[in-house]
Structures are given as structure tokens and as C-alpha cells.
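Residue-level listing of the chains:
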Amino acid sequence: MPIKTNLARARQRTSVHKRRNNSTNYAPVPREDNGMADPSPSQASHQAPRIPELFTSQPPIKDSESTETSVKQDAVQSNCMADLNNALHPVRVNRHGVPSLARQRHIRFLESYLGNLPTAFKSLDASRPWIFYWCLNSLALLGADVSKYRDGLVATARSMQNESGGFGGGFGQKSHLATTYATVLALAIVGGESAYEVIDRRAMWKWLCSLKQPDGGFRVTLGGETDVRGAYCAAVIITILKLPLDLPYDSSSHAPGRPNLFTGLADYIRRCQTFEGGISAMPGAEAHGGYTFCALGCLAILDAPHRIFPRYLNMPRLISWLSSRQYAPEGGLSGRTNKLVDGCYSHWVGGCWPLIEAVFHGTEITGNISSHTSDLNNLYSREGLVRFILTCAQDKSQRGGMRDKPYQSSDAYHTCYVLSGLSSAQHVTRVLSSNGDGMTPWTYEVLPYLDKAQVYNEEDRVNPIDPVYVIPERERKDIMSYFSSKPGF
């Protein structure tokens, strides 16, 4: 089994090696130009692209024992290294060896999902809200106009809404927190009063109250499982729609000292942290990148990260586990221990880092610590992730879209979460106040990350994404402002 190289440690190893050897290890010059990307204006045609040795060399330690897992890891590592060296499917790159973001090609790919789909997609009938969210969120991040989809989305959402509250995956299907979350966020992305008002907030509140559990968590549907995913989805829906927190007296979760939709929720998440440091779906399960993001996002809704994270989580173990999810030479992220890198974890794990950074920024503005902002914004290798996304996770064929890894097909799911991860890597979350503004318990803004020279061209920067709600920041503010101005139902 190969030893996955933690990038933080590997960067130290590389810097030591370079001090011993002043020669620069350049990647091979691209062999051909398929029109994928134009080089940056500063690239000289005779120069080889500058790719750090960290992304072009094998890990320094390798287990001699061959297993099914190690064989798969070797194959992925080999394919990623070939892509990072621009040898797998050579395209034009900038002076850092990074191809451009094929923005228009990705937009066409995503728009193809929002029309009539072929019969092969019938297995996704219960996931229609997710297709809307994945595609609309991706299009918004790429800067495309999504308002043209508003009327169609409103009509479709209305058909999926149940009188008892919430949204199903399709017409006549049972309401579920995951599909409700996706529908609400899709409506927020297209924006406008007609999109907001299609949501029956009173029925939504009653339905959410029926899902609240005495242990603090939420069932994902009536009679369904209780997990961290449900906790996060419920917290997003409650706060983005400005729903009352009070539980009705006939609720099974109402009890003296526990009268609230959020009561016991942080304690439930605390019980889901594992010995590794990551967060599992439920107490006693395995730490996973997706559930870790859901846990941190939920806690960040309940209170400012610098107050609530250290109170309920073992932060050193959490940071250690998150750091171990980034591999070299790939630069990408994995979701669990001893698993392969996957483009979707650019968000599920990469999206955890802005919230971790907010812990330190929040502590800094309260005067409890003093540190250099640039250090706080470099808790993981942004460069490594950007290289993986634009080089390995980007489908460089005419098809467009984003994918799991080289040799995999692109799809709407990976396109959404790879682009979300790219946005997180290209921006920094700046904490403005730890006291909140009536819409959130802490105020923040998302700004372009400019502390270091970037390996991508500036025109390849995507729009800023909200680190908690995972939609473009402006659209999150618009919908919360709209419902904040409408007291009651």
C-alpha cells in the first residue's frame, strides 16, 4: 500500500530538496495544442512550464505489499502525474503548466442537463431536485445567466411540493430533507419573488418539527434514518427561510429544557466525531469528508465557528484528519482514510477549510490571538487543489464538465462540487463580526484570494461561493434578506 504523502509535510520535504539541489525540475513541454486553453500573456513559447517537483515525482515511501487498493492507487497516481505533466492528453497550458478553465464548454454541458433528458436518466427520477441544484449552482459559479430557468423551475418545484410540507424527488414522491434542501437552494439560485413564494413555509416548519428527534438530530424523512446530513439540511432550510425555531407542544421532541428545533443539535454532532478526528454520519460510524462538511456547516449556522467548533469538537484531531485527505503528487482530496482522490471532495473536504480558517480569523478579531492573515489562509495546498481541478478533474474533451478523476466521465454532480471546491480555493472567507447581523450568528464576506501568486489565469476565477450554504454568496444574502423582511408566515 503506498503511503499517501500529506501535502503540508511534502512541501517541507520539497523545499529541503531544492536547497540541496538548485536545478529546477521542469515538466515536459506540451507536444501539441488542441485549442483547450490559451497560455497566459506572460508565457514565452520557448519556456517549459514551471511545475513543482511535488506534483511530478513519486511519493518518497511506498509499501512493498501489493493489494487491490494499492494497485488502484498506483493507477490513479500514474494517470494524475501524466495529466499534471501534460502528457496524458496534451493541451495548451500557461507558464505554470495549468490549462485554462473551459468555461463556455462547461456551460453548454450543464445546460444540456436542464432540458429533456433521454430514457437512460429515468433512474434519476427521484433526484430531479439535485440535478437542478448541481446545474444551476455550477452555471452561477461560471457566471452564466440562470434567470431564464426561473419559470420552469417554479412550475416543477410546485409539482414536487407536498401539502404536508417539504419537497419530494419528483411528482407524488415522499418529502425528504435532501431533496428539500436541493429544491430550496435551486430556487434561491434563480432568485426572485416567484421562486421564493412557491415555498409553503408554514407547512415546511410543521414538517421539520415532525422530523426533530429527542437526541437532538433530525430524521431525513418520516420513518427514515437520523444522520449528520439531515442535521445540516434542516439547519440550512430553517435559517435560509427564516422559519421559527419553536417546537409545537405536541411534538415528540418537545420537553422542558428542550423546546427548540436547534436544541441538542450541536451535542448530536459532537457525538459523531470519530477517534480519527473527522465526522461520521452517525455516532460510531466511519469519518467521511461529506459528513464532516455537513457537521461543520451545521455548527457554523448555530454559532460563529471560533466559538462553537472548539466547544464541541477536538480541533487538533479534526485538522490533522483534514490535512491527511490531500495527497501528493495528485494534489486532490480523498473522502476517507486509504481511499482514492475524487474531484467531488474538492468541495466536501476542500470546503471545510474556509470554515476552519474562520475559527482562527474569528479568534483574531476578538483579540484573543495575533497571527499573520496570510498564514491562516494557507492551511492546505490551494495550488495543489487548483492543479488537480484544472488538470485532472476537468474533462478536456469537447464534452466538457468536471469529473471524478482522469479517465472518468464528467457529470453534473462532479461538475457542481469540483467548481465549488475551485471557488473555495480561489477565495478566502473574511470574518467581519462575531456578533451576527440578524441573519447569521456571525458576519463574513468572501473575497478573492490574493496573498500569493496564482497558478491559474485570472479569467479562470469563478464566482465566490458561500462557505456555509454552498450557493453563490449574493444569492444567499438575497433570499435571507427577503424572508427577514417578512415576519411570520
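Residues numbered from 1 in each chain as written. Predicted model: local features only at pLDDT ≥ 70, side-chain atom pairs only at ≥ 80, totals over all residues. Heavy atoms only, no water.

(A) Spotlight on unusual backbone geometry. In this model, Ala328 is joined to Pro329 through a cis peptide bond whose omega is 15 degrees. Positive phi is not limited to glycine here, since Asn338 has a value of about 65 degrees. Residue placement: Asn338 occurs in the loop between strand E2 (327-328) and helix H14 (345-348). Classification of Asn338 as partly exposed rests on a relative accessible area of 44%. In this structure, Val470 is a non-glycine residue whose phi angle is positive, near 60 degrees. Looking at the secondary structure, you find Val470 in the loop between strand E4 (443-448) and helix H19 (473-484). (Helix = DSSP H or I, 4+ residues; strand = E, 2+ residues; numbered from the N terminus. Buried < 20%, exposed > 50% of the residue type's maximum accessible area, 1.4 Å probe, protein only.)

(B) A look at the environment of Gly284. The topology assignment puts Gly284 in the loop between helix H10 (265-270) and helix H11 (289-302). Along the primary structure Gly284 and Arg271 are separated by 13 residues, whereas in three dimensions their C-alpha atoms are 8.3 Å apart.

(C) Focus on the pattern of salt bridges. The full count for this structure, using the stated rule, is 20 salt bridges. With a shortest N-O distance of 3.3 Å, Asp267 and Arg270 are connected by a salt bridge. A residue pair is termed a helical-turn pair when its members lie 3 or 4 positions apart in one helix, as Asp267 and Arg270 do in helix H10 at three residues. For Asp267, a relative accessible area of 32% translates into the label partly exposed. (Salt bridge = Lys/Arg side-chain N within 4 Å of Asp/Glu carboxyl O.)

(D) The arrangement of the packing of H11 against helix H13 (residues 315-323) in detail. The N-to-C vectors of H11 and H13 enclose an angle of 140 degrees; their axes lie 12 Å apart at closest approach. In terms of their interaxial angle, H11 and H13 are classed as oblique. Handedness of the H11/H13 crossing: left-handed. On H13, the residues that touch Gly289, Thr292 and Leu296 of H11 are Leu318, Trp321 and Leu322. When its residues are assigned to classes, the contact of H11 with H13 shows four nonpolar, two polar and no charged. (Axes fitted to C-alpha atoms, helices over the stretch in contact; angles between N-to-C directions. Parallel < 35°, antiparallel > 145°, perpendicular 65-115°, else oblique. Left-handed = near helix turned anticlockwise from the far one by under 90°. Contact = heavy atoms within 4.5 Å. Nonpolar A, V, L, I, M, F, W, Y, C, P; charged D, E, K, R; others polar.)

(E) Broad picture of H13. Within the sequence span of H13, burial applies to Met315, Leu318, Trp321, Leu322 and Ser323. Backbone nitrogen of Arg317 and a side-chain oxygen of the N-cap are separated by 3.1 Å at the start of H13; the cap is Asn314. (Polar contact = N/O pair within 3.5 Å; in protein donor to acceptor, adjacent residues only side chain to side chain.)

(F) Local environment of the packing of aromatic side chains. Going through the model one piece at a time under the given rule, you end up with 17 aromatic pairs. Centre to centre, the rings of Tyr232 and Phe293 are 5.7 Å apart; their planes meet at 75 degrees, and the pair counts as edge-to-face. Highlighted residues: Tyr232 in helix H9 (residues 228-240) and Phe293 in helix H11, separated in sequence by 61 residues. Both residues of the pair, Tyr232 and Phe293, belong to the buried class. Summarising the aromatic geometry, the rings of Tyr482 and Phe483 are spaced 5.1 Å apart at their centres and angled 85 degrees between planes, so their arrangement reads as edge-to-face. Neither Tyr482 nor Phe483 differs from the other in exposure class; each is buried. (Phe/Tyr/Trp six-rings, centres within 6.5 Å; stacked < 30°, edge-to-face > 60°.)

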